[in-house]
Each structure stands twice: as C-alpha cells, then as structure tokens.
Amino acid sequence: MSEIKLAQHNQSSFLLALEKIQFCWSKNASFILSLDSLRLGVGEKVFLEGPSGSGKSTLLSLICGIIRPDRGSICIDDIDIVKLGAGQVDRLRADKLGVIFQQFNLLPYGSVIQNVLLPLQFSERRRKQASVSGTPREEARRLLQRLGISTDLHEQKVAQLSIGQQQRVAVGRAIIGDPQLVIADEPTSALDHDSRDQFLTLLFEETARVNAGLILVSHDRSLASDFDRQLDIREIVRTAVIGAQ
Ligand SMILES: Nc1ncnc2c1ncn2[C@@H]1O[C@H](COP(=O)(O)OP(=O)(O)O)[C@@H](O)[C@H]1O
Ligand SMILES: [Mg+2]
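A. Looking closely at the overall build of the protein chain. The helix and strand tally for the protein chain stands at 9 helices and 10 strands. Here the C-alpha atoms of the protein chain give a radius of gyration of 18 Å, agreeing with the 18 Å that 2.2 N^0.38 yields for 245 residues. With the C-alpha coordinates aligned to their principal axes, the bounding extent of the protein chain is approximately 50 × 45 × 35 Å. Taken over 245 residues, the protein chain has a buried fraction of 38%. The long-range fraction of contacts in the protein chain, counting pairs at least 24 apart against all pairs at least 6 apart in sequence, stands at 77%.

B. Molecular detail of the site of ligand 1. Around ligand 1 sit Trp-25, Phe-31, Gly-50, Ser-52, Gly-53, Ser-54, Gly-55, Lys-56, Ser-57 and Thr-58, and those are all the residues in its vicinity. Here the element with the most residues in the shell around ligand 1 is helix α2 (residues 56-64); it accounts for 3 residues. Residues that form the shell around ligand 1 fall into these classes: 2 nonpolar, 7 polar and 1 charged.

C. Main features of the sheet that holds strand β6 (residues 97-100). The strand order across the open sheet built from 5 strands is β6-β7-β8-β3-β9, with neighbouring strands paired in parallel fashion. Edge positions in the sheet fall to β6 and β9 (229-232), since each has one partner strand and no second. Here the strands of the sheet are splayed against their neighbours by 15 degrees on average, with no regard to which way each runs. One ladder, built from 4 bridges, connects strand β3 (residues 45-49) with β9; its direction is parallel. Directly across from Val-46, in β9, lies its bridge partner Arg-229. This element, α2, spans β3, β6, β7 (181-185) and β8 (213-217) of the sheet and lies at about 155 degrees to β7.

D. The nonpolar core, seen in detail. Counting residues in hydrophobic clusters, the biggest one holds 61 residues, and the most contacted among them are Ile-63, Ile-76, Val-116, Val-171, Leu-181, Val-182 and Ile-183. Discounting chain neighbours no more than four positions away, the residues touching Ile-76 are Leu-16, Ile-81, Leu-92, Lys-96 and Leu-181.

E. A look at the environment of Val-169. Along the polypeptide, Val-169 turns up in helix α7 (residues 163-175). The exposure class of Val-169 is buried, given the 26 C-beta atoms found within 10 Å. Spatially, the C-alpha atom of Val-169 lies 17 Å from that of Ala-94, the residues being 75 residues apart in sequence. Sequence-distant contacts of Val-169, defined by excluding residues within four places in its chain, comprise Leu-106, Val-112, Asn-115, Val-116, Ile-149, Val-158 and Leu-161.

F. The arrangement of the packing of α7 against helix α8 (residues 193-209) in detail. Running from amino to carboxyl end, α7 crosses α8 at an angle of 0 degrees, the nearest separation of the two axes being 11 Å. The orientation of α7 with respect to α8, classified from their angle, is roughly parallel. Residues Gly-164, Arg-168, Val-171 and Ile-175 of α7 lie in contact with α8, whose contacting residues are Ser-195, Phe-199, Leu-202, Leu-203 and Glu-206.

G. Summary view of the pairing of β7. Counting buried positions over the 5 residues of β7 gives 5, a clear majority of the element. In β7, alternate side chains face the same way, and those of Leu-181, Ile-183 and Asp-185 on one face and Val-182 and Ala-184 on the other are all buried. As paired strands, β6 and β7 are joined by 4 bridges and run parallel to one another. Directly across from Val-99, in β7, lies its bridge partner Ile-183. As judged from the 5 bridges shared by β7 and β8, these two strands associate in the parallel manner. The residue of β8 that forms the bridge with Ile-183 is Ile-215. For the segment spanning β7, α8 and β8, crossover handedness is right-handed.

H. Seen up close, helix α6 (residues 136-146). Taken together, the buried positions of α6 are Glu-139, Ala-140, Leu-143 and Leu-144. Along α6, the residues classed as buried sweep out an arc of 135 degrees about the axis, all on the same side. Buried residues along α6 sit in contact with α4 (112-117) and α7. Phi turns positive, to about 85 degrees, at Gly-148, one or two residues after α6.

I. The environment of Ser-61, seen in detail. On the secondary structure map, Ser-61 appears in helix α2. Overall, the presence of 18 C-beta atoms within 10 Å leaves Ser-61 in the partly exposed class. Residues Ser-61 and Asp-185 lie 124 residues apart in sequence; the distance between their C-alpha atoms is 9.9 Å. Among all residues touching Ser-61, those that are not within four sequence positions of it are Ile-66 and Ile-67.

Cut-offs used in this document
- Residues numbered from 1 in each chain as written.
- Chains lettered and ligands numbered in written order.
- Predicted model: local features only at pLDDT ≥ 70, side-chain atom pairs only at ≥ 80, totals over all residues.
- Helix = DSSP H or I, 4+ residues; strand = E, 2+ residues; numbered from the N terminus.
- Rg over C-alpha atoms; globule rule 2.2 N^0.38 Å.
- Buried ≥ 20, exposed ≤ 12 C-beta atoms within 10 Å, placed from the backbone.
- Contact = placed C-beta atoms within 7 Å.
- Near = placed C-beta within 6 Å.
- Nonpolar A, V, L, I, M, F, W, Y, C, P; charged D, E, K, R; others polar.
- Pairing = 2+ DSSP bridges.
- Axes fitted to C-alpha atoms, helices over the stretch in contact; angles between N-to-C directions.
- Core = buried A, V, L, I, M, F, W, Y, C linked by C-beta atoms within 7 Å.
- Parallel < 35°, antiparallel > 145°, perpendicular 65-115°, else oblique.
- Right-handed = clockwise from strand over helix to strand, strands pointing away.
- Arc of directions from axis to C-beta.

Written as structure tokens, this is what we have:
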C-alpha cells in the first residue's frame, strides 16, 4: 500500500481522469483508440453509448487497468495506474473498482454466495466495508435479497441460475464492500423490462449510498436520462481503423 501512496500526486476532485490516451491492441492492429481527456467527478454517473466495435469495452478495460495505454495517464483517485506495477494495479482495482463484465466472468462452479464474496479476498478495505453492520456473508445475503435472488438460491452453483439471475449476482459481486467506481459493460442486455428497472434502481441506490461513481455502457437509450451525464464514445474517442475504407 505504501508504494501506491508514493505514486500519489497533486490532489484533484476527480475520481477518474484520463488524459492524452493512445492505445492499440498490437503493433499492426487496425484499431487505434485515442482520447484527449475524460474526467469523472466523485459519485458521478455516466451513461456511455456507441456502435458496436467503437471501443467502449476497450475503454473500460483501460480504466480497469486490464490493458495499458501506449501513451497517456489514467488516474483513479489521483493515482496514475499507468505508472504502477501489475500487482499494484490488481490491488488498486480490488480496492476501488467494482466491475460488471459483459460476459459476467462468474465462477461457474462456485456458489452464488461465494461469487459475491470473491472481491473481498483481494481487498482488505472492502472486507472491512462489508463487515460494518454484520459479517461479509450477511452483507452478501442482503445484497442478493435486494437483487431479487431468493435465499434458496444462495448456496446453488451459479451455472444453474438463469442468465438474468447470473447478471444480478455479477452486480452483487461488483458492489459488495463499497467500491468507489462501478464499471458496467452492457449489464442490462439479458434482462427483461421489470428486471432491468429493478437492477438499475439497485445499482443507483447502492452506488449513491457510498457516493460511488458509475460508468455504464448500454445500447438502451431509455436508461440514459437517469444518469448525470450522457456520452457517445464517438464524441470523446478518435478511432482509426487502418485499411478499412
Ligand atoms: N482482445 C482483443 N484483441 C484484439 N483486438 C480487440 C480485442 N478486443 C477488442 N478488439 C478490437 O477493438 C475494437 C473495439 O472493440 P470493443 O472495444 O470491443 O468495441 P465495443 O465494446 O464498442 O463493441 C474492435 O475492432 C475489436 O475487434
Ligand atoms: Mg463491448
């Protein structure tokens, strides 16, 4: 943790700040992403849209530190993750970010509860946060209950649940222990109308409770007005698809 503190520089009021980013998947890749500036205030909720293949998931992977830019800085809470070693990035991600992947990335043979508790294994801060009003297990049960996953499903293997239910387990896993920023990549795509509303209400309530920021990627424009800011990726990111004409 001390190394991470050392990497801290001038305080700003931004939870997230990306500056002068350039990224390509490989040396001769046809897709290049460049972004001048993207900043997110503490607790800010951003709706991000754009056509398929426009780089939304790539941008989220950069923010999560799963991939590194070739140029530029990505500050989370004033710590430039581009300058950190891989282990430090993993720790920072575990402490501060809750991620809902497009493919959920749940452990299929783990139980529902085990999946929700997983991030606490990698972060002492989140373990403490999840223990404020009981045990982490009780907190996981509370979240699952609120997500509409009834008690009889909590010990079942996650692979036995429907896609919609798995999506809600992924939300529970992302928000347990109060991360400062929640990243969600098309999380509502497999949900019906009612489940989608319930899902979004919970996501908003839980992030508001701890003043967490939220970046949600979706094609569903009807959700956009509930957010503080709406962004089309084409307004902030320049992409060059070399060879395509
Ligand atoms: N793991 C990867 N390796 C190489 N290229 C990738 C990878 N993931 C995405 N891409 C490429 O990056 C571009 C943007 O994709 P993506 O970020 O997934 O867009 P979106 O999420 O907006 O649909 C596409 O051209 C895609 O083929
Ligand atoms: Mg995507």
